[in-house]
Structure formats: structure tokens, C-alpha cells
Amino acid sequence: MKAIESAVLPFIIRFFVLNRTFISLDTSSTIMSLTRREFLQGLVIVSAITAKEGWANAVVGLAGERRDLFPQGVASGDPTADSVILWTRRPPINGSSSNKLVVEISTAPEFKKILTRGTAEIGADSDWTCRFLIKDLTPHREYWYRFVDEYGNASRVGRTITAPATDSDAPVRFTFVSCQCPNEGAMNAYRKMIFEDEARPKDQQLNFVLHLGDFIYEVTWYAEDNPNGNRGRRIRNLYKFPDGRKVSNFHLPATLEDYRTLYRAYLTDPDLQDARARWPFVCIWDNHEFAWAGYQSEYVAGGGYNAPAQNQKIAANQAWWEFIPAHVQQPGNPMLEHFIAPAVVDTPLEKFNQDGLCEEPNNLKAINSLKIQRVLRWGKNVDLLLTDNWSFRSPDMSTDDFEAPEYPRVSPQLPFEIMNYGRHYNNDNPPDTIRFNGKDFPNPTKDVHAQTYLGSDQRRWFLEQLGSSTALWKIWGHGFGTMEVRADYQNLPGELGSKWPKDAGYAVIDNRFLRDKDEIFDFISDKKITGFCVVGGDRHAFHAGLVSKALPPKKYEPLGVEFITGSISQQTLLEVLEVTMAKDHPKRVLHLIDQADGTMIPSVNVTPLHGVLSTLKLKETGDMKQARAVRNPDVAPHLSFLDFGGHGYGLVTATSDQLSTEFVCIPIPFERSERPDGGPLVYRVVHRARLWKAGEVPKLEQEIVEGNPQYCI
């Protein structure tokens, strides 16, 4: 093998089959095979094909497309300048089964000639999925691929794109998405994305799609349990868990087969399937790939169910690995030839170290059974740094003593911050008591670790990668973003009922894991890192702004830019408020302003953007210009855009001197659009940042291209 590699290295195309115990690759008349043990004993190259030998430039054989035999379509993922992972699933269907697939690669969609091909065995142990890593491809080039079974039945044709070479200054274009559930909504955003990309010139088309998690929703409502739907949404019975557990009126997965059931069902959606066939996807997971409100290997579903779940965490990781083509790591299995599920016993998580990690051996095995943090490079312009924000996070803290129930959807800032920092508050000098609404309460977190989502080891890894990056733009693919969203309820006039509690500070809508933020932003400031950008999801809302360690009255120091995308299909906060908030709620005006014609103004955007006085002026006048004239400049100096009702996606373009992000917002996707363009747009807004130098402050410019998002700016 060493001799072959040396002889043909200038021409070589190498294949690694990543999920099979038996590996083979046809080379003209020879079939080479390796056992799993031989593969893991140090062989780096399984087989080699040159342009003169094997399949390069071979004329294609007869193959008939049978999409029905590949019901989840095809996909590619994690492209580099010379490699990409290809994926499909070929299960037994109506008596037709297959144990071996041929992967064919071409430089043209017609497949008149085959550049190269390789074979892989498939089986029930990985749910008939196939993951195939191709190497030594040409940078920044389109390729087409398909899978053919031993009977000549072919999958649909997929298209993939390699990254630019490391010395290339070619612009990088990608969309970022999150939060999809075909059981409760439609994937019209993908249809819009495809339609618009096909209309662009070749040199302006997308390089890849970044999926920031909640690819599936493990929390499931069945239609028969909810005849009136879920908060205004029709529930489709796309699947039923073969095992599962029922809690209240929703259903949760319990086994590997349950998680596989979710992925299979989601990937039958035609728009999601078309998107995966058109572009390589780069994916991380968020919470719903494992557990609604879980942490580490503890399964938590709101207040309804809480249990140690090491086996379930491993099952969730395995299903993600089987259905998401990603170049990730598993301890003891560096090539990921086959997912190895470690043996664990479900054990309570009781003790946590000073970094919030439970070192119980079963927990450590479960959360380390698959590591998804990684860095991908696109030429000179982009390093994409991806983190896992759930597997190493600390348990949530209890804030029961510091609630203001008459003020929904917010938390009091000052008690929240003290508890979030735990024993690290005030330079490791936390108070014995917390003052709230005129009373002193014992500080329950005085001797407790600070809240973390990265964990100490991953945070250290992230800082090392960020500090060593030479790309002009360092883009952090983040599950939920870092920007604080808050409202100045302390400025409310008395006529709105009970006043915001004393000693509470701002009303915090979203701000978590403060010590992680401190360490990362201090590092960026100390190292004078420029071109720092965060792209996030999870919040079911569009956000754009500048990232800073703190906001007024503390020091406000912008260090980068951040963009969060609206959901693909899942319900937004605005949609939920419209369905659930009583018309006579005394604080309704802070979220919704009712109009005489029956419509509503989404003041849920205005209040945290501009302050409560702006919201009250908007209710009085209906005029956003007058509302902005009385805004509080300290409430959100960092935010340029906020829409808690937005569905769609963000589109990033990174060049050597500028990064822009376009928000493409669509109407609520109640049902699948029949239009080829995926349906109408609500708005299209672009934010641009020029690459700043060390010591300069990043700035965002905003352009409204289409629509009128007046309540979001």
C-alpha cells in the first residue's frame, strides 16, 4: 500500500468508507478488502485510484433512478478544499434489499463519464445508512454523485462543492439555519433558498448550508392527543415512536430506534431533501437532538420528566452520526469507520466539579461518545469554529425566589447575574444574601460553580483555535448566540400595575452563561482579534448587532458582530404570545399592541430595542418615528435588528474586506407552499460590516432591500 501511495500520489483519489466493518473499492479488475481490525491497525490509505487506472474517465454503466428505494435522499457534508463526506440510506423496501452500494462521482450532472467510484457494504447495524469520505478532490469545484445498489438501482443525483484552497481569496457564501419540525410546519424556507440560488450566476451561488441545530425535535405531539393542534399549528402524524414514553400530552424518545425514527421521517420532507441534495451541509446539534432541557447526559423535559439517561445520550449521538454527514470524532475510533456505542449504566448525576462537570464515569463515557467541535476553513477568508453547547453544560440553577410572575418571559437581571456567576461573582467574592424586591434571600449559589455551556476543556480548545486562526473572518457557529436581550422595566410608569421589583436591574429576556462570555471576550480583547463574528440559531428570532462583554451601565465595548437566524418552521415567541396571552393582561402592551382593525403591533420587538417609553409612545401614536424619538439609548446600544416573529434564514457573504448577512424572512409556514419559489417574502434586510483593524470598533450598516420591518429596527 505504501508503494502504491508513493507511485500515484500526484493523481490519487482516496476513499475512506466511514461506517462499514468491511471496506472495499473496485480498481479495474482488482477488489481490495480490509477487515475492521486491519483498518484500525494503522492503514492510512485504504485504496488508490489514478486517472489512468480504475474508474477515472470511465463511461457510465446503465443505472435506473429509483428514488423510492432511497427514501431519505442523498446528502454531503463538511467540505474541505480536497474532501467531502457523501451520504445516503438504502433500506429494505417491499422485498427489495441491498447489502452493497457503489458510490459514483462525476464532474457533470449527466454522469456521461465517471471520475471515480467506490463500494461500501451497508446493514441494519447502522440503519442502512452509508457515509463515504472522498479525498484529493479539486478545491472550489462542483461535483455530482449518486449511489447505485448491486441491482443497478440508483439514488437521485446529489451536488456538492469543495471549499476554496487555503490561499484563495474567493468570496465565501453560505446560509445558516436552525429549528425545523415538519410535524408542525413546512420547510418553505429551503424552497425559497433553492429557488433564489438557482437564479444566481455561478460565481454568486452558495458554498454550503450551516445548520445550527434542532435538526429534529425529540419532543413530539401526536394529533390524536391534541385534536385542536399545538398553539394554532396543525399537527401531522409523520411518525410514531416504536418505543418512546408519554409525559402529559407529549411523547419523548427512549431508544436508538426512536431517534432513528425521527431522522427518517424528517428526511422524507421534499424541501429539506432537495436542499441536502443541492449543497453540502455543515451541522452541529442543539438541545432537541437529545433532550428538551437536558444537560450532559441528564434527560430533562421541562418539569414533566427528569432522569439520568447515559444510554439515551449515546443513542441520540449515534442516530445523529448515522444521518448527518459530518467529519467528527469518537474516542478510540479516530476514523469513525463505525460508531462504537460504549457500554454504560444509567446513573444519577449528583456531584459536579468546580467547572460544573459531573465526573461520574458513565456520564463521561456518554458525553464523550461523539465530539462535534471542529474547525473548517474556506480559503483566506473564513475559519468556521463549531462548538457543542449542550453536552458539557452545567445543570440549570433554580431561580424560584427571584421571580416576578406578573411579568412574563423575563428574569430579574441582578439576582440572575449573581446566581449565574456562582462562586466566581465579584472576583470570587459572592454575597451571602441576594437583595430582591426589598428583601434579603440566602444566596443558593455562593459555593456553586459558574454556569457554563462549553465546559472548561472545550472553552480552552475554542480559545486555542480562535487565537491561532489566520483567516480574516473567524466565524463562530453557535447554538444560541451571545447577545443579551433585555428591557428597562424599571422605567415603567405606575399605571401599568405593580412595579418592576426593586433591586432587579433590567428585565432579562435572554442572557446566559456569563463567565463563558467573560473569558472569551476578554481573550478577544487582550489578543486584539479582529474579524470576529457569531452566527446563531435556537431563539426562533432574527437578531443583528455587535457583541460586547457587557452593556451599560457597565463598560460597553464592541468586539465583533453577531447574527441570529429565525427558525425554519418552529413557532416563534410572537406567535405563541398571540395565541396564549390574555387580551386583558396588564402587561400585554409590552408584547402586543392591539389595533382597531384587529391586527397587532409586535411591541415584543420594540420594548427590548428601544425601551418601555418607546413602546408606550407607539401605543399612543402608532408611529415608529415618534416612538424612536423617546428611546432609551442604554437599553440596547448593541442591537441593530430584532424580530421575535421571524421565520427563514440568514445568508452570509464574506470577502477580504467585508462581511454581510442578509435576513430572508418568510410568513409563518403553516402549510407547504405550492409555489416554486416557496411563497412570498415578509422582508429582506442586509447588515454589512467592514473588516476592522486592531483597536478599531466594528460597525454595522443596515439596508432594507424588501418589505417594511419597521418594528424590528
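Just so we're clear, the structure is a prediction, and the values are computed from it rather than from any experiment. (Residues numbered from 1 in each chain as written. Predicted model: local features only at pLDDT ≥ 70, side-chain atom pairs only at ≥ 80, totals over all residues. Heavy atoms only, no water.)

Before going further, it helps to examine the pairing of strand E12 (residues 129-134). The element E12 is extensively covered by neighbouring structure, given that 6 of its 6 residues are classed as buried. Alternating positions in E12 separate into two faces, Thr-129, Arg-131 and Leu-133 on one and Cys-130, Phe-132 and Ile-134 on the other, with burial throughout. With 6 bridges connecting them, strand E8 (residues 84-89) and E12 associate as antiparallel partners. Bridge pairing links Thr-88 to Cys-130 in E12. (Buried < 20%, exposed > 50% of the residue type's maximum accessible area, 1.4 Å probe, protein only. Helix = DSSP H or I, 4+ residues; strand = E, 2+ residues; numbered from the N terminus. Pairing = 2+ DSSP bridges.)

Moving on, we come to helix H10 (residues 455-468). Given a rise of 1.5 Å per residue, 14 residues ought to cover 20 Å, and the 20 Å separating the end C-alpha atoms of H10 matches this to within 8%. Looking at the packing, one finds that the buried side of H10 touches strand E24 (382-386), strand E28 (473-478), helix H11 (514-526) and strand E31 (532-536). (Expected span 1.5 Å × (residues − 1). Contact = heavy atoms within 4.5 Å.)

What follows is about the sheet that holds strand E29 (residues 485-487). Spatially, 3 strands are ordered E25-E30-E29 in an open sheet, and the strand pairing comes out antiparallel. The sheet terminates laterally at strand E25 (411-412) and E29, the two strands that pair on one side only. Both E29 and strand E30 (residues 507-510) contribute to a ladder of 3 bridges, which runs antiparallel. Paired with Val-485 across the bridge in E30 is Asp-510.

Looking now at the packing of aromatic side chains. Under the defined criterion, the tally for this structure stands at 34 aromatic pairs. Between the aromatic rings of Phe-174 and Phe-208, the centroid separation amounts to 4.7 Å while the plane-to-plane angle is 15°, which identifies the pairing as stacked. A residue pair is termed long-range when its members are at least 10 positions apart, and Phe-174 in strand E16 (residues 172-177) and Phe-208 in strand E17 (residues 208-211) qualify at 34 residues. Side by side, Phe-174 and Phe-208 carry an identical accessibility label, which is buried. Here the aromatic rings of Tyr-453 and Phe-480 are separated by 5.2 Å at their centres, their planes lie at 70°, and the arrangement is edge-to-face. Highlighted residues: Tyr-453 in the loop between strand E27 (439-442) and H10 and Phe-480 in the loop between E28 and E29, separated in sequence by 27 residues. As far as burial versus exposure is concerned, Tyr-453 and Phe-480 are alike and both buried. Among the aromatic residues, those joined into a ring-pair cluster are Phe-542, Phe-563, Phe-641, Phe-663 and Tyr-683. (Phe/Tyr/Trp six-rings, centres within 6.5 Å; stacked < 30°, edge-to-face > 60°.)

The description of two helices packed together rests on the angle between their axes and the distance between the axes. It is the contact of helix H8 (residues 413-421) with H11, at a shortest axis distance of 8 Å, that shows an interaxial angle of 75°. One finds that H8 runs roughly perpendicular with respect to H11. For the pair H8 and H11, the contacting residues are Glu-417, Asn-420 and Tyr-421 in the first and Leu-514, Arg-515 and Asp-518 in the second. Class assignment of the residues belonging to the contact of H8 with H11 gives a composition of 2 nonpolar, 1 polar and 3 charged. (Axes fitted to C-alpha atoms, helices over the stretch in contact; angles between N-to-C directions. Parallel < 35°, antiparallel > 145°, perpendicular 65-115°, else oblique. Nonpolar A, V, L, I, M, F, W, Y, C, P; charged D, E, K, R; others polar.)

With 91% of its residues at a pLDDT of at least 70, the protein chain reaches an overall mean of 90. The low-confidence segment residues 1-60, where pLDDT is below 50, has 156 contacts with residues more than four positions distant or belonging to other chains. (pLDDT = per-residue confidence, 0-100.)

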